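Here is how the chains run, residue by residue.
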Amino acid sequence: MPMKLKQKIEFSSFSSVKKIKQSPKASKPDDDLEWMNQITECPVYHPSVEEFEDPLRYFQQIAPEASKYGICKIVPPLIATAPTGVVMKKEKPGFRFTPKVQPLWVSRWTMNDKNTFFTSRKSYTLRDFEVMANKVSANKYCLSGCLPSACMEREFWLEMARGKKGTVEYGVNVDGSAFSSSSNDHLANSKWNLKKLPRLPRSTLRLVENDIPGVTDPMLYIGMLFSMFAWHVEDNYLYSINYHHCGAPKTWYGVPATAANEFEKVIQNHVYTREILSTNGPEGAFEMLAEKTTMFSPKILLQNHVPVCKVVQLPGEFVGTFPRAYHAGFSHGFNCGEAVNFAARDWFPFGGAANERYAFLQKKPIIPYEEILCKEAMLISIKTAKKDYTCDLDAESNRLVKGPFASLIHKYDGAILYLKSLDRSLNILSNLKETVSCSLCMRDCYVAHVKCDCRLDPICVFHDKELSDCGCGSNRLLYVRGDLPKMKNAAKKFEEDQLIHEAEKLMKHDTYINKGHKGGLNGVEYVDTKIQQSNASARGSKRSRKQKICNNGKVDAGTTVNRTAKRGKSGISAKRRSGVNKGNKKCRKRFS
């Protein structure tokens, strides 16, 4: 049935969450769950076989809508023909895993009451874990089958609120994949096989040289009744994709990147106590969330006007999360899922913000952001020089690489000029060939770094105070890449191209307005806002020499970035689409 117009959710109404009134009287857990009916459902997509061909392009097409919710569900047109149990038995003989034990209650987050997931003393085969999990479900509900999803959601939060100190087990971050190697399995032979997806031509993670479990290589997640994945954001603000192989459903909750700052403030002020945070402000909350043990009711988010959505994932379905989208969830019973990260080009502004934040917190990044950005930018530069032009969709995504790259090169230019002003006889070696980790802020340095007698290990060029206080003088060495001049030329060319693009866009905008139209240009405005920010940053990157560049950690990537000006087909159910009024706004919400 088509959705009624009053039930349709525009992005503006999704962001304006109604605040739940808190009763001054204590209420029973049963009376405290009305908030579940107020959570928006995230978008669900049904791509055609043709649309399903390229995962990265498909995410690029749905991003303008789906990223506003943080998560989305994708129902594939292909099915996996090999049962998970058969695949595991045949392709992974002797497979065993040791789960984590999770407390089944909401912590007060004080020094004496913090959630900790500890390793179980028992290891399981997949079949043994299924037997144990089904027995737990049967003991609780007199059957091992699943109850309706709304009922399971209510049961989960009631159990968490009662705080009876129960525990569940969860096989988290288990090495391996359950996608079949059979040539007859259509889904496993597609590009949506999670063993292939991270290194597809459109994924920037193809440029990461080493394999990283869980990031470039998928991992398995084996759950039971009420096992949970706590609130978290992906490492380096990457995309993630999760496939449900078999078993009971999962309930997911998501918060879009546009509300990530508000999410962290709410956690800081309404979930954690000050005594457990390592530092004041959202950074302390961010570090605690990184431990992936924080589970709390979405009701807290709704009460504080933070938009949150949900979806129920069934076997054979994908759930995708967008850059810097916080998410959490729980299992309805025994199940087996698989997840991995990937990165489209619209990730780079987010990746840059994550890189600065990690440096500020002295946290080592999972992937070498600078190296990936520079390699991707130089590949674009080569194609541009050869006049290897691609479609508009790629042109838009290219600009989301060019802006951050030009900004990075300008930043290095300023830092190197400052170093030269400190020591006019500075020794410069143009033989840097690999990424080096800064010993002070843990930043991955791909373009340049400094070594001196004051420290055993190298530091990045952005530590003004440390470098100015250093008395090494002529013993200081600056290592730079031999292709730095080419990078500078590419950055300059990118800036020139961007000025031309902005002029052309302005002319089209003026023409559009003069014809009597109002508003943005079919969604292009959403992309270009971020592009303009990136290039404004590049043009204005002359920094004060007195500023400690490394402490520029509070870069805001709260604005969701999309990289397509075309809405295109999104493969949404024709049933729902038939109920959409053509006069609705451009960002109208469509569901399956």
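Quick caveat: nothing in here was measured; it's all calculated off a predicted structure. (Residues numbered from 1 in each chain as written. Predicted model: local features only at pLDDT ≥ 70, side-chain atom pairs only at ≥ 80, totals over all residues. Heavy atoms only, no water.)

Draft legend 1. View of the nonpolar core. Counting 136 residues, the largest nonpolar core has Trp157, Trp231, Phe263, Tyr272, Trp347 and Phe405 as its most contacted members. The greatest single-element share of this core, amounting to 9 residues, is contributed by helix 11 (residues 392-422). In contact with Phe405, other than residues within four places in its own chain, are Leu373, Cys374, Ala377, Met378, Met487, Ala490, Ala491 and Phe494. By size, the runner-up hydrophobic cluster in this structure holds 14 residues, among which are Cys42, Tyr221, Trp252 and Cys309. (Core = buried A, V, L, I, M, F, W, Y, C linked by side-chain atoms within 4.5 Å. Buried < 20%, exposed > 50% of the residue type's maximum accessible area, 1.4 Å probe, protein only. Helix = DSSP H or I, 4+ residues; strand = E, 2+ residues; numbered from the N terminus. Contact = heavy atoms within 4.5 Å.)

Draft legend 2. Representation of the packing of helix 7 (residues 282-289) against helix 9 (residues 348-360) in the model. Where helix 7 meets helix 9, the axes come as close as 12 Å, and the angle between the chain directions of the two elements is 95°. Considered as vectors, helix 7 and helix 9 are oriented roughly perpendicular to each other. Two secondary-structure elements touch here, helix 7 through Pro282, Glu283 and Phe286 and helix 9 through Arg357, Tyr358 and Phe360. Residue composition of the contact of helix 7 with helix 9, by class: 4 nonpolar, no polar and 2 charged. (Axes fitted to C-alpha atoms, helices over the stretch in contact; angles between N-to-C directions. Parallel < 35°, antiparallel > 145°, perpendicular 65-115°, else oblique. Nonpolar A, V, L, I, M, F, W, Y, C, P; charged D, E, K, R; others polar.)

Draft legend 3. Just the environment of Asp175, in detail. Following the sequence through the fold, Asp175 ends up in strand 6 (residues 167-175). Asp175 gets classed as exposed once you look at its relative accessible area, which sits at 55%. A C-alpha to C-alpha distance of 8.1 Å links Asp175 and Gly214, two positions 39 residues apart in sequence. Setting aside its immediate chain neighbours within four residues, Asp175 contacts Phe95, Pro213 and Met219.

Draft legend 4. How the structure looks around the pattern of salt bridges. Taken as a whole and judged by the stated rule, the model has 23 salt bridges. Here Glu356 makes a salt bridge to Arg443, at a shortest N to O gap of 3.1 Å. Of the two residues, Glu356 is situated in helix 9 and Arg443 in the loop between strand 16 (436-437) and strand 17 (444-445); the sequence distance between them amounts to 87 residues. The residues Glu356 and Arg443 share a single accessibility class, namely buried. Connected via shared salt-bridge partners are Glu264, Glu283, Arg324 and Arg357. (Salt bridge = Lys/Arg side-chain N within 4 Å of Asp/Glu carboxyl O.)

Draft legend 5. Local environment of the sheet that holds strand 9 (residues 239-247). Judged by pairing direction, the sheet is mixed, and its 9 strands sit side by side in the order 2-3-12-9-14-7-6-4-5 without closing on themselves. Whereas interior strands pair on both sides, the edge strands pair on one side only; in this sheet they are strand 2 (44-45) and strand 5 (118-119). Pairing of strand 3 (residues 71-74) with strand 12 (residues 318-321), which is carried by 4 bridges, proceeds in the antiparallel orientation. Residue pairing for strand 12: Ile74 is matched across the bridge by Phe318. (Pairing = 2+ DSSP bridges.)

Draft legend 6. Main features of the packing of helix 6 (residues 260-270) against helix 7. Interaxial distance between helix 6 and helix 7 falls to 8 Å at its minimum, and their mutual angle equals 90°. As judged from the angle between their axes, helix 6 and helix 7 are roughly perpendicular. Residues Phe263, Glu264, Lys265, Ile267 and Gln268 of helix 6 form the contact with helix 7, whose own contacting residues are Pro282, Ala285, Phe286 and Leu289.

Draft legend 7. Layout of helix 2 (residues 55-66). Helix length check: helix 2 (12 residues) gives 14 Å between terminal C-alpha atoms against 16 Å at 1.5 Å per residue, more than 12% under. Across the 12 residues that make up helix 2, a large majority, 9, are buried. Sitting at the amino-terminal end of helix 2 is Asp54, which places a side-chain oxygen 3.2 Å from the backbone nitrogen of Leu56. (Expected span 1.5 Å × (residues − 1). Polar contact = N/O pair within 3.5 Å; in protein donor to acceptor, adjacent residues only side chain to side chain.)

Draft legend 8. The arrangement of the environment of Met36 in detail. Tracing the backbone shows Met36 in the loop between helix 1 (11-15) and strand 1 (40-41). On the accessibility criterion, Met36 (7% relative accessible area) is buried. For the pair Met36 and Leu302, spaced 266 residues apart in the sequence, the C-alpha separation amounts to 9.9 Å. Aside from chain neighbours lying at most four places away, what touches Met36 is Ala150, Glu153, Arg154, Trp157 and Lys310.

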